[in-house]
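# Structural characterization, general
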Amino acid sequence: MQKKSILQKGSIDYSILIVTLILIAYGVIMVFSASYYMAQASKDYNYDGLYLFKKQLFGAAIGLAAMIFFTFFDYKKLFKLRYIILAIAGVFLLAVLVPGVGVTLNGSSRWIRVLGISIQPAEIAKIALIIFIASSIYINRNRMSTFRYGMLPPLLVLLPICVLLYLQPNYSAIIVLAALTFIMIFVGGVKGWHLAALGGIGVIGGIVLMVQEPYRVARLASFMDPWQNPTGDGYQVIQSLYGIGSGGLFGQGIGNGTQKLSWLPYGESDFIFSIIAEELGLIGAVLLLALFVFLIYRGIKVAATAPDIFGTMLATGIVTLIGLQVVVNVGVVTASLPPTGVSLPFISYGSSSLVIFMSMIGILLNISKQGRRIMMASTARQRT
Amino acid sequence: MAASHVLITRKRLLVLLIILIVLIILLMTRVGYWSLWKGADLKAQAESQWVKDMEVSAKRGSIMDRNQQILAQSAAADTVVLLPEKIAKAENANEIADQLSQILGMDREEVYQKASNTEKKEIWLKRQISMEQSEQIEALNLKGVTFRDDVKRFYPNKDFAAQVIGYTTLDGEGQTGIERRYNTTLSGRAGRQVAETAKDGSGVPNGQEMMIQPQDGLNVVLTIDEITQSFLESACKELYGAQSPESVQGLVMDVTNGEVLAMANIPEFDLNSPPREDAETLSALSANVITATPYEPGDIFGIFAAAAALDSGTSAGEYMCTGSHTVDGEAVTCSGAHGSQDLANTVLNHCNVGAAMQADAMGRDAFYQYLKGFGFGSKTGIDFSTDTAGDLVEKRYARASDVAMMGTGTDIKISQMQLASAAGSIINGGTLYTPKMVLGLSDADGNMTETYAPEAKGQTVTEGTAVQLKAIMENRAQTDGVSVAGYSTGAVCGAASQYKDGTVVQDRVVSTYIAYAPADDPKYMVMITATGVPATETIETVCAPYVQETLEGALKNGNIMPSENMQEQEKVTVPNVAGMQLQEARDALANAGLQSSYDGSGAVVGQVPAAEETVYKNSTVTLSMETKATPQGESGMITVPDFAGMDMATARDTAVSSGLVFVARGNGVAQGQSPAAGTQVVQGSDIVIEFRLQIASAQ
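A brief look at the structure comes next.

Conventions and cut-offs
- Residues numbered from 1 in each chain as written.
- Chains lettered and ligands numbered in written order.
- Predicted model: local features only at pLDDT ≥ 70, side-chain atom pairs only at ≥ 80, totals over all residues.
- Heavy atoms only, no water.
- Buried < 20%, exposed > 50% of the residue type's maximum accessible area, 1.4 Å probe, protein only.
- Helix = DSSP H or I, 4+ residues; strand = E, 2+ residues; numbered from the N terminus.
- Pairing = 2+ DSSP bridges.
- Patch = residues over 30% accessible without salt bridge, like charges linked within 9 Å, V, L, I, M, F, W, Y side chains within 5 Å.
- Areas by Shrake-Rupley, 256 points an atom, 1.4 Å probe, with all protein chains shown as cover.
- Salt bridge = Lys/Arg side-chain N within 4 Å of Asp/Glu carboxyl O.
- 1 Å grid on protein atoms, 1.4 Å probe; cavity = no way out; pocket = protein on both sides within 12 Å on 5 of 7 lines; lining within 4 Å.
- Points joined across faces, edges and corners; volume = space filled by probe spheres on them.
- Nonpolar A, V, L, I, M, F, W, Y, C, P; charged D, E, K, R; others polar.
- Phe/Tyr/Trp six-rings, centres within 6.5 Å; stacked < 30°, edge-to-face > 60°.
- Lys NZ or Arg CZ within 6 Å of the ring centre and 35° of its normal.

### Some thoughts on the pairing of strand β21 (residues 524-534) of chain B
Residue and element names in this part refer to chain B. Of all 11 residues in β21, 10 are buried, a share of seventy percent or more. In this sheet, β21 lies alongside strand β9 (residues 247-254) in antiparallel orientation, the contact comprising eight bridges. Its bridge partner being in β21, M253 is matched across the sheet by M525. Between strand β20 (residues 503-517) and β21, which follow one another and run antiparallel, lie six residues.

Here it is in structure tokens:
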């Protein structure tokens, strides 16, 4: 009796919660290990070795609050909020382009400072786009095979976002969002040849963008053979591979890596996976990827058992984003993809990304709770 | 309808799941490929990037005189470095140019150019600056100006024995002299430091480190005696000033073992700042003419012709000189017609005809045998950077006329070192020693690790011949009035044509004077050569007074007992002059046949030797006076200055100028001294100063 009542209430998928918390802890520890030397030697961080670690801990705390909030926040309400969220994302994306508001770093303006906190609008755009596409598919669930209702709305929203991201410029976010949209409408049920055509246009567009700026071609070349230019474009990738290579099977032990000592740039953010491989070895790296596989598996399960198509698509979008970022990030770090700045979800340093991903997990948990309630209800119905 | 789209979605979700899982598994494999398959290779590359292999330089050994007085020593010194990028950022190129050009005595424009050359990452502005300069620059606290630790070679006595000691490059590589010859020994072996570093070269936490300690160079202890060298140098400098030759070479040798006690080449140069920019001047100044430059010895060579003639038993009772003599169709001319002379007089008269006759009489084979025996035509084997073999015509090409000419010291080229060692062999009774410059090697604590024994090369002439020749030389010394009170002396001299670019220089000659003492048991031989001295009446004896002066110094410094036969000469008893007034005392001593020296005025309070002692006539009695002449007088008291922080050269100058004898221990900057600063000591006392290498200030 007691057990039944819990099930009827509907419980969240605890395994997702636990895996997420493990990932956060994993990430915070590795950010500490990867950033300490760099931060204590840098004037930008007041020579405080714990600076980035503290910021990441702070981000994790905010993220935890956001995750709890969204776990109890009925995801269906997001449907109604879709335009508001989209508008907020739009405003942020515009604001970043305003000189004085946007923070320019390494030639691109990716952050804005609000109340002393740096926010990356691209991260907000990701969730806004997921909610909008999920809503669109929910509305048009019965006419997904048409171009007008199935494909057009998502693309019409994606396009301006991409233009704004292009102006930053932040091409990696464009690639991720484009791939996200593609996969969401694929799962949403658009026609096969519509997708094929869209994919073709995407590839051609990508090539055009690539040829436009010579440094992108160089980056591509450096991915094919980083040793061609070991001090220039290939440097970061080579350093990343040095990290993985010197880790071996068991790693140097946590905290004992050498590559983070000024050799590997962005070892605490985009290239943290290399530091993990160096310190925790192949075992640590594979374990991390296995945690992601598990998270994706459970996430897809949540998508499949969601109470409605909006929940399904929301969960799909969230899982896809996580999966995409893992694949692209690890792909870059292992010299399997051309270098591009995509963070490793839950692990890489960056509060915006952490808070957004944890909010998404909150949403996912809420969907899982509601899906289970329905599942339990139907099972109960069948038994009686 | 509703069911179908849910079905499609579920199917496609499964596809998505599979794709993502496959991709991630592929990535796991990819990680495995890099960490296991390529891991060892990547790790090796990474390690070579992390590890920095640095050379740790060894400390260069010192060069010391035979009493281990320092002649050359290495110490820390700063090198000023400009960082143009920082200067550009701070926009202080003008300020730097103004300040540094003034402090370092450099051209302002040059400094400015270097400071604003942003193409370079760092520029070494000036190496091995003095401590004062680096303190001044440090005090300015200029952005973009920094220092690198460097090591400078210090020569505390500056130009002292410059050609013997030699100089080094700024990096401490010996270029000439002992610095060059013993470069490897002095350098030691560099160590290595292998350490894990960050990209900017700084150390890393928990970094591995391995150190191979450098092996410091050994000290080279010369046979040179600092005091004898000073006597020789001041005599040579006097000669250089008084007779205006182009150059003067001087040598003091111990004929009993071939050790060179002093060797001077005037003009000299300050080894601390050799004229590096002017290669030609530098190579001319730094050449040790004595060992490096062959020349035609001229009529001084007559002593060897006579030696060979006597020793081979081919000497004649009489040599008739009519002013010229023809051998095998070639005429040998003489400075004058000397008439009939015996062998001794051919030497004393510098008679070319006599010498030619002697060489001719013994024939080519015998003469060459003696030339070889004296070491002409082959290297002396001196342990020095330069050692010329001279120029001796190969025996089979020598005609009878050539042999006769060689007897007169022409058509043969020898080095002054060969001349000295050959002369030394006659003086010591016939043994030819390899001339020696280095006594041995010592370690940092001053212990001798290696000692080089004298090396006898062979017998040049028999003892009997040597005795006969020495009688001639004693005669020469008497004629020239070369004498040192209490010692018997011998001498040989001569003049030769000076050649420049293969032709004879008119009105200039090379004049050499050699003297030794004590004549009955020879110890020291002094040889001074004035090269390019104006030809005058007394051309053969122009160097004689300076040789005598040096010889006297060497004998006194060497504690040589006066000769036996001199002791048989007059002896007197020292009168008691204590209590007398100065003039009274001096008269009393003069009456007794004694010299006197005094250090003040008033009454005599003491005397050395004491009253009633028996001493040689004409020796000196030193009087101690009631009133000292000056506070800086012979036994005056002085206050010890504070040496702390001085570098070696400055400390030495300070010590010398305040009348102290400078004794250095260690290397670097003065950190301790004994006696302490402010102590009253007798003038001429030792001041022992501890030097320690500067500890690089952490910036």
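### A look at a nonpolar patch on the surface
Taken together, L14, V15, I18, I19, V22, L23 and L26 of chain B make up a surface patch of nonpolar side chains, about 580 Å² in accessible area. Within the secondary structure, I18 of chain B sits in helix α1 (residues 2-37).

### Focus on empty space enclosed by the protein
All names here are of chain B. Scanning the entire structure with this criterion turns up four cavities of 30 Å³ or more. The computed volume of the largest cavity comes to approximately 100 Å³. At three residues, the largest contribution of residues to the lining of the largest cavity is made by helix α15 (residues 352-374). Here the lining of the largest cavity is built from residues that sort into seven nonpolar, seven polar and one charged. Here the second largest cavity is characterised by a volume of approximately 70 Å³. Q128, K152, R153, Y155, Y167, T168, T169, L170, L271, N272 and R276 are the residues that line the second largest cavity. Considered class by class, the residues forming the lining of the second largest cavity number four nonpolar, four polar and three charged.

### A short note on the packing of aromatic side chains
In this structure the tally under the stated criterion is 20 aromatic pairs over all chains. Measuring from centroid to centroid gives 5.2 Å for F304 of chain B and F376 of chain B, while their planes differ by 75°, and the two rings are edge-to-face. With F304 of chain B in helix α13 (residues 302-312) and F376 of chain B in the loop between α15 and α16 (400-407), this pair connects stretches of sequence that are 72 residues apart. Here F304 of chain B matches F376 of chain B in class, with each residue buried. Taking 6.3 Å as the distance between ring centres and 45° as the angle between the ring planes, the aromatic pair formed by F374 of chain B and F376 of chain B counts as tilted. Under the relative-accessibility criterion, F376 of chain B is labelled buried at 0%. These aromatic residues form a ring-pair network of at least three members: Y75, F79, Y138 and F310 of chain A. For R143 of chain A, the ring lying beneath its charged end belongs to Y149 of chain A, and the centroid distance is 3.9 Å.

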